[in-house]
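# A structural walkthrough
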Amino acid sequence: MSSTPSPLQRYTFCAALGASAAILFSIAVSQILLGVAFVLLLASRQKPRFPPIKLPLGLFMLGTVVSLFLSGNPALGLPQIKKFFVFLFALVVYSAFRKLSQVRLAVLVWSGIASLSAIFSFVQFFRFYEGSQEAHSGFYQFYIGSRITGFMSHWMTLGGEEMIIIMMLAALLFLGPAGRWRTAGWTALGLLIVSLALGLTRSIWIGTFLAGIYLIWFWKRWLVPIVPLLAAAMLFFAPVRERAVSIFHSHGDMDSNQFRVVVWRTGMEMIRAHPWFGVGPEEVKPQFDRYVPPDIPRPLPSGWYGHLHNIYIQYAAERGIPTMLMMMWLIAKVLYDLSRALRRGVSNQQRWIVHGVIAVIIGILVEGVAEYNLGDSEVLTLFLVCVSFGYLAIENVPSES
């Protein structure tokens, strides 16, 4: 690899950076830039490189295709095949990014855009509050069914993106190099944490909390016992307190935890009936009623029944247990490779990236227990980019003696 990039290589990097950043406000713009970056990569005659996750990812894609063709309605599942385009991010980013300083630049650009989205979410929150006052309704009851979304179309997407960026930005601030950008970085981190709290997404709260504990352990270990006290301080804000209480005691049907019990049990019935290849991509929603256990009373609790709100159950029910295990193998491989690099020893420039990506994966896995987060193109995009960053960071780690 040449130490001085050609103009085409620089354009490829700019397009790849732009594609990863644009996902924070527009899937269309992001994927257009991804296509541009891929064409530029080929035109630059730079050898395309893919992170060493090709085998599990390839088998996951193969399992998805087989499940599609064995389903009763292959045309219905085509959106999941089209989503394979997102996997190009791993190829483009791993090929176009050449320096660890470019990873830092990407995280700072993400943080800037996400901060603007967070500020917009504060405006949305205030408008919801005004709406509840005009409707003479309790704010929690008014807000819980339609919440802040920032630049995104749904609050879960906003929260998922914010969780990933919080982890990478916190890793940079905690473990990364000094720089004049740090004050802005701390400000952005604060804005993102407040916005994430106001989103009232319980699974994302828990994922962010546990992933944050991981990072703080490697930053200032003595702070770990204090973090739960700081988190508890947020309970003084009434909507946050009500949402936290709903984890254990729901407010009737409005935020019933029984909804997720229903979708998980239904998903398990799908898995029992179709353990090898699932019911087929995009088939969960149209076939849901067929698999609802007979002992579950009707009407079903309020909630979205378009997917199973759990990445493990969703992939197994939709595409079969083997395909689900391919995705778990991919994630386990990334964690193993990054952890092994840390044991061997990494530089400070590498360390923050590796720990940040591990924290992202912890957050994804924890949140994935209660949400189908990797089914969201925006979250999947940032996840793949972060995985690529992790492998870029450990490329030059010395081998074991």
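This report concerns the structure included in the present document. (Residues numbered from 1 in each chain as written. Predicted model: local features only at pLDDT ≥ 70, side-chain atom pairs only at ≥ 80, totals over all residues. Heavy atoms only, no water.)

With that settled, consider unusual backbone geometry. Cis geometry marks the peptide bond from arginine 298 to proline 299; its omega dihedral reads 0 degrees. The residue arginine 45 is not glycine, and still its phi comes out positive at about 60 degrees. Under the relative-accessibility criterion, arginine 45 is labelled exposed at 80%. (Buried < 20%, exposed > 50% of the residue type's maximum accessible area, 1.4 Å probe, protein only.)

A few words on the state of the cysteines. On inspection of all chains with the given rule, the structure shows zero disulfides. Left unpaired, cysteine 14 is separated from the closest cysteine sulfur, that of cysteine 386, by 20 Å. (Disulfide = S-S within 2.5 Å.)

Time to look at the side chain of glutamate 161. Mapping glutamate 161 onto the fold places it in helix H8 (residues 155–175). Buried within the structure, glutamate 161 lacks any salt-bridge partner; its nearest side chain of opposite charge belongs to lysine 83, at an N-O separation of 12 Å. Other than its neighbours up to four places away in sequence, glutamate 161 contacts Ile23, Leu24, Met152, Glu378, Val379 and Leu382. (Helix = DSSP H or I, 4+ residues; strand = E, 2+ residues; numbered from the N terminus. Lys, Arg positive; Asp, Glu negative; His and termini not counted. Salt bridge = Lys/Arg side-chain N within 4 Å of Asp/Glu carboxyl O. Contact = heavy atoms within 4.5 Å.)

One pass over the structure, following the stated rule, counts seven salt bridges. Residue arginine 49 pairs with glutamate 395 through a salt bridge whose shortest N-O separation is 2.4 Å. Of this pair, arginine 49 sits in the loop between helix H2 (27–43) and helix H3 (54–70) while glutamate 395 is found in the segment after helix H18 (377–393), placing the two residues 346 residues apart along the sequence. Residue class for glutamate 395 comes out partly exposed when judged on its relative accessible area of 36%. Put simply, aspartate 337 and arginine 340 hold a salt bridge, and the shortest N to O gap is 3.9 Å.

The next thing to look at is the side chain of glutamate 162. With respect to the secondary-structure elements, glutamate 162 resides in helix H8. Put simply, glutamate 162 is tucked away with no salt bridge, and the nearest opposite charge, on arginine 147, sits 11 Å away. Within the local environment of glutamate 162, its side chain forms a polar contact with the backbone nitrogen of leucine 196, the two atoms lying 3.4 Å apart. The residues contacting glutamate 162, other than those within four sequence positions of it, are Ala118, Leu192, Ser195 and Leu196. (Polar contact = N/O pair within 3.5 Å; in protein donor to acceptor, adjacent residues only side chain to side chain.)

The grouping of Phe25, Val29, Leu116, Ile119, Phe120, Val123 and Phe151 at the surface amounts to a nonpolar patch, some 560 Å² of accessible area in total. Sorting elements by how many residues they give to the nonpolar patch places helix H6 (residues 100–134) first, with four residues. By secondary structure assignment, the location of phenylalanine 151 is in the loop between helix H7 (139–143) and H8. Phenylalanine 151 sits in the partly exposed class, given a relative accessible area of 32%. (Patch = residues over 30% accessible without salt bridge, like charges linked within 9 Å, V, L, I, M, F, W, Y side chains within 5 Å. Areas by Shrake-Rupley, 256 points an atom, 1.4 Å probe, with all protein chains shown as cover.)

The next point concerns the environment of arginine 241. Along the polypeptide, arginine 241 turns up in helix H12 (residues 238–245). A C-alpha to C-alpha distance of 33 Å links arginine 241 and aspartate 295, two positions 54 residues apart in sequence. Once you skip the residues sitting within four places of it in the chain, arginine 241 turns out to touch Leu235 and Phe236.

What follows covers empty space enclosed by the protein. Scanning the model with the defined rule gives three cavities of 30 Å³ or more in all. If you add up the space inside the largest cavity, you get close to 90 Å³. Phe60, Gln80, Lys83, Phe84, Phe87, Tyr315, Arg319, Met327, Tyr372, Leu374, Gly375 and Leu380 together form the lining of the largest cavity. Of the residues belonging to the lining of the largest cavity, the class tally is eight nonpolar, two polar and two charged. Every residue along the wall of the second largest cavity is listed here: Leu24, Ala114, Ser117, Leu158, Glu161, Glu162 and Ile165. Elements supplying a minimum of two residues to the lining of the second largest cavity: H6 and H8. It is H8 that contributes the most residues to the lining of the second largest cavity, four residues altogether. Of the residues that constitute the lining of the second largest cavity, the class distribution is four nonpolar, one polar and two charged. (1 Å grid on protein atoms, 1.4 Å probe; cavity = no way out; pocket = protein on both sides within 12 Å on 5 of 7 lines; lining within 4 Å. Points joined across faces, edges and corners; volume = space filled by probe spheres on them. Nonpolar A, V, L, I, M, F, W, Y, C, P; charged D, E, K, R; others polar.)

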